[in-house]
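A look at the structure
If you want the building blocks of each chain, they are given just below.
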Amino acid sequence: MLSHVLEVTGAEEYHYIGHSMGTLTYFTACNYHAWVCARARLMVGYGPHTSVPHLTSPLFRLLSLFSSDIKWLLQHIGLYQFAPSNWLTRTLADQVCDR
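Summary of the structure given here. Keep in mind the model is a prediction, meaning the values are calculated, not measured.

The rules we used
Residues numbered from 1 in each chain as written. Predicted model: local features only at pLDDT ≥ 70, side-chain atom pairs only at ≥ 80, totals over all residues. Heavy atoms only, no water. Helix = DSSP H or I, 4+ residues; strand = E, 2+ residues; numbered from the N terminus. Rg over C-alpha atoms; globule rule 2.2 N^0.38 Å. Buried < 20%, exposed > 50% of the residue type's maximum accessible area, 1.4 Å probe, protein only. Contact = heavy atoms within 4.5 Å. Core = buried A, V, L, I, M, F, W, Y, C linked by side-chain atoms within 4.5 Å.

Right, let's get into the overall build of the chain. Scanning the chain from terminus to terminus reveals 6 helices and 2 strands. Element order for the chain, N to C, with α for helix and β for strand: α-β-α-α-β-α-α-α. The C-alpha radius of gyration of the chain comes to 19 Å, more than 25% above the 13 Å expected for a compact globule of 99 residues. Each of the 99 residues in the chain was classed as buried or not, and the buried ones make up 14%. A sequence separation of at least 24 residues applies to 49% of the contacts in the chain between residues at least 6 apart.

Right, let's talk about the side chain of T89 for a bit. Mapped onto the secondary structure, T89 falls in helix α6 (residues 87-96). Once you skip the residues sitting within four places of it in the chain, T89 turns out to touch I77 and P84.

Of all hydrophobic cores here, the largest spans 7 residues; its members are L6, Y14, Y16, Y26, C30, V36 and A40. Looking at this core, the elements with two or more residues in it are β1 (14-19) and α2 (21-32). Non-local contacts of C30, meaning those with residues more than four positions away in its chain, are made with V36 and C37.

Structure below.
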């Protein structure tokens, strides 16, 4: 499908937005066809369809130990809010801004 779109449009790169199974499909395609990742200018994946139970990356294993702390921090800085302002963001702003 992607090769057909690139052929018809004459584009060299593409933007991909996937949700759930679309996110999983993109990552699977990248695993089997290197050109899929190489020609993607941007990939946005919402709500991945699956998890990775047998994680082997040392970095992600380390991060997984702090997943609840990372989740708490992201929630308190307003990850899903537009222009968040709460006690944590104000404290951080006071430390790094001179106005």
